[in-house]
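Letter by letter, the chains look like this.
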Amino acid sequence: MNSLKLALSFFTRLPVGNIDFSDDNFVKAIKYTPIVGIIIGIILSSFTFFMRPLFQKEVVAFFIVVLYIFITGGLHLDGLSDTCDGIFSNRSPERILEIMKDSRVGSFGVISMILIIVGNIIFLMNSSLLVVFLFVIVGKCSVMISCKTSQYSRESGMGKTFVENAGKLPSLIIVIIITMVIILISLFTNNINIIIALFITYILSCFMTKNISKKINGITGDVLGFLAEVSQLIFLISCYIGSVLI
């Protein structure tokens, strides 16, 4: 339970009480990252369930995104903007890493956040309650899978601990179990589009990881934030397209 609380304190602003933080405890908490996604998913889908009968879907989608940012403290959006500023600068690996570490936000960072936020609003507006519940979970699972396909690009940092342990067997077992549960729920509710979207998201997440790894010789904590946000939007888009075509 303490490990889950530590994971919640790291990824969210949810009140979890006093936590004894140490490197060993953090390593143990990493495997619970997808569980954090489940908790966020429960909050967002419950909020959506009660709000949709009262307000227009555009308004509800906007407040889902606001609630998501409030819960996470914009943690992944920060990584998204830093990664886009660095990757799209077309500089050397060393310079890209310097740009990503810079606290200032550049034009690519601003554009990426606008696109992600607007994209989330548009596609959450057209998403089922089940998809609203799942999209953060799938984003967290995508990050864990991506860590298995790369290595940390800096010499040290908290991101190094996460990347090195997220791809280990205990973490991957949780990802596999959650993935299987999502597939079973989708089959039971006749949502084949969700299963297709799930694997599209995983594949594209690994593809993005490989391409970023080529540019900076691995990934960083900022890249993990980028992968989480982009994977979530890919899942929302894929579910919507699938629901239209299937």
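Residues numbered from 1 in each chain as written. Predicted model: local features only at pLDDT ≥ 70, side-chain atom pairs only at ≥ 80, totals over all residues. Heavy atoms only, no water.

- Per an unreviewed UniProt entry, the protein is named Adenosylcobinamide-GDP ribazoletransferase, and its organism is Clostridium tarantellae.
- Per UniProt, the protein carries the Function (unreviewed entry) text "Joins adenosylcobinamide-GDP and alpha-ribazole to generate adenosylcobalamin (Ado-cobalamin). Also synthesizes adenosylcobalamin 5'-phosphate from adenosylcobinamide-GDP and alpha-ribazole 5'-phosphate."
- The UniProt entry for the protein carries this comment under Sequence similarities (unreviewed entry): "Belongs to the CobS family." (UniProt positions renumbered as here; feature names shortened; annotations may be inferred.)

**Notes on the UniProt feature "transmembrane region" (unreviewed entry) in the protein**
Thought 1: The UniProt record marks residues 35–55, 61–84, 169–188 and 224–245 with the feature "transmembrane region" (unreviewed entry), using the residue numbering of this structure.
Thought 2: Secondary structure across residues 35–55 comprises 81% helix and 0% strand; the distance between its end C-alpha atoms is 30 Å.
Thought 3: A distance of 31 Å separates the end C-alpha atoms of residues 224–245, which is 100% helix and 0% strand. (Helix = DSSP H or I, 4+ residues; strand = E, 2+ residues; numbered from the N terminus.)

**A short note on the side chain of Ser171**
Thought 1: Mapped onto the elements of the fold, Ser171 is located in helix H10 (residues 169–188).
Thought 2: Of note is the side chain of Ser171, whose polar atom sits 3.3 Å from the backbone oxygen of Asn165.
Thought 3: Setting aside residues no more than four positions away along its own chain, Ser171 makes contact with Ile30, Lys31, Met144, Asn165 and Ala166. (Polar contact = N/O pair within 3.5 Å; in protein donor to acceptor, adjacent residues only side chain to side chain. Contact = heavy atoms within 4.5 Å.)

**Thoughts on helix H7 (residues 107–125)**
Thought 1: If you check H7, its first and last C-alpha atoms are 27 Å apart, about what 19 residues at 1.5 Å a residue would give, namely 27 Å.
Thought 2: Buried residues of H7: Gly109, Ser112, Ile116, Gly119, Asn120, Ile121, Phe123, Leu124 and Met125, and no others.
Thought 3: On its buried side, H7 packs onto helix H4 (57–72), helix H5 (75–87), helix H8 (129–148) and helix H12 (221–245). (Expected span 1.5 Å × (residues − 1). Buried < 20%, exposed > 50% of the residue type's maximum accessible area, 1.4 Å probe, protein only.)

**Describing a nonpolar patch on the surface**
Thought 1: Nonpolar side chains collect at one region of the surface, where Leu184, Leu187, Ile192, Ile196, Ile200, Leu204, Phe207, Tyr240, Ile241, Val244, Leu245 and Ile246 lie side by side and expose about 1,100 Å² of accessible area between them.
Thought 2: When residues of the nonpolar patch are traced back to their parent elements, those giving at least two are H10, helix H11 (192–216) and H12.
Thought 3: When residues of the nonpolar patch are assigned to their parent elements, the largest contribution, five residues, is made by H11.
Thought 4: Its place among the elements puts Ile246 in the segment after H12.
Thought 5: For Ile246, a relative accessible area of 61% translates into the label exposed. (Patch = residues over 30% accessible without salt bridge, like charges linked within 9 Å, V, L, I, M, F, W, Y side chains within 5 Å. Areas by Shrake-Rupley, 256 points an atom, 1.4 Å probe, with all protein chains shown as cover. Salt bridge = Lys/Arg side-chain N within 4 Å of Asp/Glu carboxyl O.)

**Re the pattern of salt bridges**
Thought 1: What the rule picks out here adds up to three salt bridges.
Thought 2: Among the ionic pairs, Glu98 bridges to Arg95, the shortest N-O distance being 3.1 Å. Remark: Arg95 and Glu98 occur in helix H6 (residues 93–101); sequence separation between them is three residues, near one turn of the helix.
Thought 3: Judged by its relative accessible area of 48%, Glu98 is partly exposed.

**Details of the packing of aromatic side chains**
Ring pairs (aromatic) are described by centroid distance and by the angle formed between their planes.
Thought 1: A complete count under the given rule lists nine aromatic pairs for this structure.
Thought 2: One aromatic cluster in this structure is built from Phe10, Phe11, Phe26 and Phe162. (Phe/Tyr/Trp six-rings, centres within 6.5 Å; stacked < 30°, edge-to-face > 60°.)

**Let's talk about the layout of surface pockets**
Over the atoms, a rolling probe the size of a water molecule traces out where space has been left empty.
Thought 1: Of the pockets and cavities examined, the largest pocket occupies roughly 470 Å³.
Thought 2: Looking at the largest pocket, it is lined by 25 residues, and the ones nearest its centre are Phe10, Gly159, Thr220, Gly221 and Asp222.
Thought 3: When residues of the lining of the largest pocket are traced back to their parent elements, those giving at least two are helix H1 (2–11), H5, H6, H8, helix H9 (158–166) and H12.
Thought 4: By residue number, the principal contributor to the lining of the largest pocket is H12, which donates five residues.
Thought 5: Residues of the lining of the largest pocket, tallied by class, amount to 11 nonpolar, nine polar and five charged.
Thought 6: There is about 350 Å³ of room inside the second largest pocket.
Thought 7: Lining the second largest pocket are 20 residues, and of these Leu80, Cys84, Phe88, Phe226 and Val230 lie nearest its centre.
Thought 8: Along the lines of polarity and charge, the residues of the lining of the second largest pocket split into 16 nonpolar, three polar and one charged. (1 Å grid on protein atoms, 1.4 Å probe; cavity = no way out; pocket = protein on both sides within 12 Å on 5 of 7 lines; lining within 4 Å. Points joined across faces, edges and corners; volume = space filled by probe spheres on them. Nonpolar A, V, L, I, M, F, W, Y, C, P; charged D, E, K, R; others polar.)

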